[in-house]
Amino acid sequence: QGECFWIHLDLISDVVACCGDIFDSVEYASAMVPTYPCGQIGFILCGKGKETSCRFPIRKPENEFQSKLKLYNPAVHKAAFVLPQYIKERLSPLLPQPHCSR
């Protein structure tokens, strides 16, 4: 859980900075959740290894399975990592240098 950037940006910044000292890859993603405060929840995704990134789905759901999903598709997955400019500017200096560019 990566908290709500509308009300917890200082906490998110601290956690991202701390994770950046430990992990090779640290990424923040966001999703709309109507029952969560301010309707938004974040995810801090971390990993070890030079080619680690969660920004792009590794697998694509088969068409039959995808047709049963209401809230997920690969485009929504990628969009979760697109952040408002002020969030991007706040978190970017705290992230490890990207190693993977798919």
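Residues numbered from 1 in each chain as written. Predicted model: local features only at pLDDT ≥ 70, side-chain atom pairs only at ≥ 80, totals over all residues. Heavy atoms only, no water.

Undergrad: Looking at this structure, I do not really get the nonpolar core. What am I missing?
TA: The tendency in soluble globular proteins is for nonpolar side chains to be buried as a group. Ranked by size, the top nonpolar core spans ten residues in total: Phe5, Leu9, Ile12, Val16, Cys19, Val26, Tyr28, Leu83, Ile87 and Leu91. The set of elements that each furnish at least two residues to this core consists of helix 1 (9–20), strand 1 (25–32) and helix 4 (85–91). Setting aside its immediate chain neighbours within four residues, Leu91 contacts Ile12, Ser13, Val16, Tyr28 and Leu83. (Core = buried A, V, L, I, M, F, W, Y, C linked by side-chain atoms within 4.5 Å. Buried < 20%, exposed > 50% of the residue type's maximum accessible area, 1.4 Å probe, protein only. Helix = DSSP H or I, 4+ residues; strand = E, 2+ residues; numbered from the N terminus. Contact = heavy atoms within 4.5 Å.)

Undergrad: Please explain the state of the cysteines as it appears in this structure.
TA: Any covalent bond linking the sulfur atoms of two cysteines counts as a disulfide. Tallied over the full model, the rule gives zero disulfides. The cysteine Cys46 is free of any disulfide, with Cys19 supplying the nearest cysteine sulfur at 3.7 Å. (Disulfide = S-S within 2.5 Å.)

Undergrad: Sorry if this is basic, but what is going on with the side chain of Ser13 here?
TA: Inspection of the secondary structure assignment puts Ser13 in helix 1. The exposure class of Ser13 is buried, given its relative accessible area of 6%. Apart from the residues within four sequence positions on either side, Ser13 is in contact with Arg90, Leu91 and Leu94.

Undergrad: Just to check I follow, could you spell out the pattern of salt bridges for this structure?
TA: A side chain of one charge can pair with a side chain of the opposite charge if their charged atoms are brought near each other. Per the counting criterion, the structure on display carries two salt bridges. Here Asp10 makes a salt bridge to Arg90, at a shortest N to O gap of 2.5 Å. Taken together, the positions of Asp10 in helix 1 and Arg90 in helix 4 put the pair 80 residues apart, joining distant regions of the chain. A relative accessible area of 51% means that Asp10 is categorised as exposed. Taking the relative accessible area as the measure of exposure, Arg90 reaches 35% and is therefore partly exposed. (Salt bridge = Lys/Arg side-chain N within 4 Å of Asp/Glu carboxyl O.)

Undergrad: Just checking my understanding: could you explain the packing of aromatic side chains for this structure?
TA: Aromatic ring pairs are reported here in terms of the distance separating the ring centres and the angle at which the planes meet. Within this structure, the stated rule accounts for two aromatic pairs. Relative to Tyr86, the ring of Trp6 has its centre 6.4 Å away and its plane inclined at 40°; by these criteria the two rings are tilted. You can see Trp6 sitting in the segment before helix 1 and its partner Tyr86 sitting in helix 4, a full 80 residues away along the chain. Note on Tyr86: relative accessible area 39%, which makes it partly exposed. Grouping aromatic residues by their ring pairs yields a cluster made of Phe5, Trp6 and Tyr86. Its guanidinium or amino end placed over the ring of Phe23, Lys48 lies 5.7 Å from that ring's centre, counting from NZ or CZ. (Phe/Tyr/Trp six-rings, centres within 6.5 Å; stacked < 30°, edge-to-face > 60°. Lys NZ or Arg CZ within 6 Å of the ring centre and 35° of its normal.)

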